[in-house]
Amino acid sequence: MKKNKNYTTQLMLVVTVTILLMFTGQLRSQNQNTEVQVTGLVEDQEGFPIPGANVVIENIRKGVVSDFDGKFSISVPKGNVLSISFIGMVTQKRVITEETYLSIVMQNDEEVLENVVVIGYGSVEKKDLTGSIETISSSDLVRVNNTNVTETLNGKVSGVLVTKSSNRPGADMSIQIRGMNSINSSNEPLYVVDGIPSYSGLKYLSPNDIQSIDVLKDASSTAIYGSRGANGVVIVTTKGANKKKGLSIEYSGSVGIKTPTRIPDMLGNKGNGLEYVDYRIALWKKKYGDASLSRSDFLTEDEKRRIRNGEYYDWLREVSDNSLVTNHSIYSSGGNENSSYSFGLGYLKDEGMVGKEGFDRITANIGLEHRFSDKITTGLTSYISNNNTNHGAAETLINAYFLPPIVSPYDENGEYAFIVQPTSSKINPFIQNENNIRETEAFLPIFPDSWKLSP
């Protein structure tokens, strides 16, 4: 009897635990099936509503889309995750435990945005691109901070070769896309700035005003621009009006120092003038004999005096000097739901390292846009650039290469001498720097189309 009593007690305990577990599971199931109402608003970073955003319950794949004003409403079982997504933006997730109102601010997905490129007749995602195109973003252009934007393309775009005509400030640069395509004609690509074809190059543009540069390298560019695009096309998109609310002002500036480098070590420079004297003695002896050293054209009296006193002149290092490059840019943008505007102003001064060389550039860009409706938008985009280039003296460095270290740029009165070596026709480089001035001024206005009809 005692044994049967123990069995009865154990059986009752098992039944009790089973009932409790079933009751707890039922409560949990009821709790999970309890739905709460969730409403909310989906906006972008500028505060504009995003219509068509996907609002999905992850576990059961049930969802809705936001309306024209970015609003949504959905019933969500407690404890489930609500996922909010939109093309080109980072997906956001929220755990729902009670009835609530969600204010969702979507952030741009930079990895997705970088895959959109301009192709001359619009834009396309990079995965759908059939032609050969490469893009350089605004951040890359500003970070490199070159005076001429063309130089930034060198080494960043495959198949593109950038060469300088000289190292003078404001010097033109040449671009070859996939080698030389013509023997007799120009190999320069076609430049398209905000839809306006140009052959002026990129030195007139400020890096701070450029949104992106797209390089069309294959034959498909001729389908858009005809024979003008045979050498490739460089498409430049400047910053224009955007949909950013309120007013924002951005300033960027830089100051740099240019230092002459890789100056060739000429014979007798850096104060080692005796190297040149020994060379000249050996040269005259071999050419004219030992008696030639007493001739008056071997060394002048002033040259002999300078040799005795150890006065030598390093022409290349004296003619060149350090210089400053200053760059200032201010950009303002703003607007409301219907209108947007932008304005930029930039100034660049690049001083040369030889004489009076220099390059000054003043740029201004204006962007206006008014949206009458979802399909009709009107606006204005303009870019103005004024450049002043001082090319300096053409023969300064050449003459500095030829002049020996035993001659001085000054005469007996301490003033610049026109001819510093009687046996040579080379003019004093310092005289050339002061009197040989070559200046050019260029004005570049760009006024693209000012209206558009959205589909």
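Just so you know, the residues in each chain are numbered from 1, in the order the chain's sequence is written. Reporting of local features is limited, given that this is a predicted model, to residues whose pLDDT is at least 70; pairs of side-chain atoms are given and counted only at 80 or more, and all residues count toward the totals for whole chains, interfaces and linings. Excluded from the side-chain calculations are hydrogens and water; all other atoms, namely the structure's heavy atoms, are used.

Draft legend 1. Representation of the overall build of the chain. Helix and strand assignments follow DSSP, with helices taken as H or I runs no shorter than four residues and strands as E runs no shorter than two, numbered in order from the N terminus. Broken down by element type, the chain carries 9 helices and 23 strands. Burial statistics for the chain: of 455 residues in total, 37% are counted as buried. Of the contacts made within the chain by residues no fewer than 6 positions apart, 62% connect residues no fewer than 24 positions apart. Only protein chains enter the accessibility calculation, which uses a 1.4 Å probe; a residue is then buried when its area is under 20% of its type maximum, exposed when over 50%, and partly exposed in between. Note on definitions: a residue-residue contact is assigned when non-hydrogen atoms from the two residues lie within 4.5 Å.

Draft legend 2. Expanded view of the layout of surface pockets. Of the voids in this model, the second largest pocket is the one considered here, and its volume is about 930 Å³. Definitions used for this entry: grid spacing 1 Å over protein atoms alone; cavity, a set of points where a 1.4 Å probe fits but cannot get out; pocket, an open set with protein on both sides within 12 Å along at least 5 of 7 lines; lining residue, one with an atom within 4 Å of a point. What lines the second largest pocket is a set of 38 residues, among which Lys 164, Asn 167, Arg 168, Lys 258 and Met 353 lie closest to the centre. Listed by contribution, the elements that provide at least two residues to the lining of the second largest pocket are strand S17 (246-258), strand S18 (323-335), strand S19 (339-351), strand S20 (358-371) and helix H8 (396-402). In terms of residues, the lining of the second largest pocket owes the most to one element, S17, which gives 4 residues. When the residues that make up the lining of the second largest pocket are grouped by side-chain class, the tally is 15 nonpolar, 14 polar and 9 charged. Grid points are joined across faces, edges and corners, and a volume is the space filled by probe spheres set on the points. The nonpolar class holds Ala, Val, Leu, Ile, Met, Phe, Trp, Tyr, Cys and Pro. Asp, Glu, Lys and Arg form the charged class, and all remaining residues, Gly among them, are polar.

Draft legend 3. Main features of the pattern of salt bridges. Salt bridge, as applied in this entry: a Lys or Arg side-chain nitrogen positioned within 4 Å of an Asp or Glu carboxyl oxygen. Inspection of the entire model under this criterion finds 12 salt bridges. Between Arg 371 and Glu 369 there is a salt bridge whose closest N-O contact spans 2.8 Å. Each of Asp 302, Arg 305, Arg 306 and Glu 311 takes part in a single network of salt bridges with overlapping partners.

Draft legend 4. Expanded view of the sheet that holds strand S4 (residues 71-77). Strands are labelled as partners when DSSP assigns at least two bridges between them. Spatial strand order, S4-S1-S7: 3 strands in an open sheet with mixed pairing. The two strands at the open ends of the sheet, each matched to only one other strand, are S4 and strand S7 (100-105). Pairwise comparison of adjacent strand axes, ignoring direction, gives a mean angle of 30° for this sheet. Orientation is described by axes fitted as lines to C-alpha atoms, over the contacting stretch for helices, and by angles from 0 to 180 degrees between their N-to-C directions.

Draft legend 5. Molecular detail of the sheet that holds strand S3 (residues 62-65). The strand order across the open sheet built from 4 strands is S3-S2-S5-S6, with neighbouring strands paired in antiparallel fashion. Sheet topology places S3 and strand S6 (92-95) at the edges, where each strand pairs with a single neighbour. Put simply, the sheet's adjacent strands are angled 20° from each other on average, direction ignored. For strand S2 (residues 54-57) and strand S5 (residues 81-85), the ladder comprises 4 bridges, and the chain directions are antiparallel. From the neighbouring strand, Asn 54 faces S5, where its bridge partner is Ser 85.

Draft legend 6. The packing of aromatic side chains, seen in detail. The aromatic pairing rule takes the rings of Phe, Tyr and Trp, using the six-membered ring of Trp, and pairs them if the centres are within 6.5 Å, calling planes under 30 degrees apart stacked, those over 60 edge-to-face and the rest tilted. Considering all chains together, one arrives at 7 aromatic pairs under this definition. Arranged with centres 5.3 Å apart and planes meeting at 5°, the rings of Tyr 416 and Phe 430 form a pair that is stacked. One end of the pair, Tyr 416, is in the loop between H8 and helix H9 (429-435); the other, Phe 430, is in helix H9, with 14 residues separating them in the sequence. For Tyr 416, a relative accessible area of 30% gives the class partly exposed. A ring is scored as having a charge over it whenever the NZ atom of a lysine or the CZ atom of an arginine sits within 6 Å of its centre and within 35 degrees of its normal. The lysine or arginine in question, Lys 239, covers the ring of Tyr 331, its NZ or CZ lying 5.4 Å from the ring centre. The residue whose ring lies beneath Lys 426 is Phe 402, and the NZ or CZ to ring-centre distance is 4.4 Å.

Draft legend 7. Looking closely at the environment of Gly 63. Secondary-structure assignment places Gly 63 in strand S3. Gly 63 sits in the partly exposed class, given a relative accessible area of 43%. Taking C-alpha positions, Gly 63 is 9.3 Å from Val 76, a pair spaced 13 residues apart along the chain. In this structure Gly 63 touches Val 55, Val 56 and Ile 74, once residues within four positions along its chain are discounted.

Draft legend 8. How the structure looks around the side chain of Thr 152. Mapping Thr 152 onto the fold places it in the loop between helix H3 (138-144) and strand S11 (160-164). Its relative accessible area of 3% is what places Thr 152 among the buried residues.

Draft legend 9. Broad picture of empty space enclosed by the protein. According to the stated counting rule, one finds 1 cavity of 30 Å³ or more in the structure shown. Quantified by volume, the largest cavity comes out at close to 30 Å³. Taken together, Arg 280, Ser 296, Asp 297, Phe 298, Leu 299, Thr 300, Glu 303, Gln 421, Pro 422 and Thr 423 form the lining of the largest cavity.

Draft legend 10. View of a nonpolar patch on the surface. There is a patch of nonpolar side chains on the surface, built from Leu 247, Ile 249, Tyr 251, Ile 330, Tyr 341, Phe 343, Leu 345, Tyr 347, Ile 362, Ile 366, Leu 368 and Leu 380 and spanning about 1,100 Å² of accessible area. Among the elements that make up the nonpolar patch, the one with the highest residue count is S19 (4 residues). Mapping Ile 330 onto the fold places it in strand S18. Residue classification places Ile 330 among the partly exposed positions, given a relative accessible area of 38%. The residues that make up patches have over 30% relative accessible area and no salt bridge, and they are joined within 9 Å when like-charged or within 5 Å when they are Val, Leu, Ile, Met, Phe, Trp or Tyr. For the accessible areas, the method is Shrake-Rupley and the probe is 1.4 Å, while residue cover comes only from the protein chains on display.

Draft legend 11. Spotlight on helix H6 (residues 301-309). Looking only at H6, the buried set comprises Glu 303, Arg 306 and Ile 307. All buried residues of H6 fall inside an arc of 100° around its axis, so they share one side. The exposed set on the far side of H6, more than 90 degrees from its buried face, consists of Glu 301 and Arg 308. The inward-facing, buried residues of H6 contact helix H5 (273-288). Phi turns positive, to about 70°, at Gly 310, one or two residues after H6. An arc is given here, and it is the one of the directions from the helix axis to the C-beta atoms.

Draft legend 12. Structural view of the nonpolar core. Buried Ala, Val, Leu, Ile, Met, Phe, Trp, Tyr and Cys residues that are joined via side-chain atoms within 4.5 Å together make up what is termed a nonpolar core. Ranked by size, the top nonpolar core spans 23 residues in total, and within it Leu 153, Leu 202, Ile 213 and Val 236 carry the most contacts. Breaking this core down by element, the ones donating at least two residues are S11, strand S12 (173-177), strand S13 (190-193), strand S15 (210-216), strand S16 (233-238) and strand S22 (439-446). Apart from the residues within four sequence positions on either side, Ile 213 is in contact with Glu 134, Thr 135, Ile 136, Leu 141, Val 149, Leu 153, Leu 202, Val 234, Ile 235 and Val 236.

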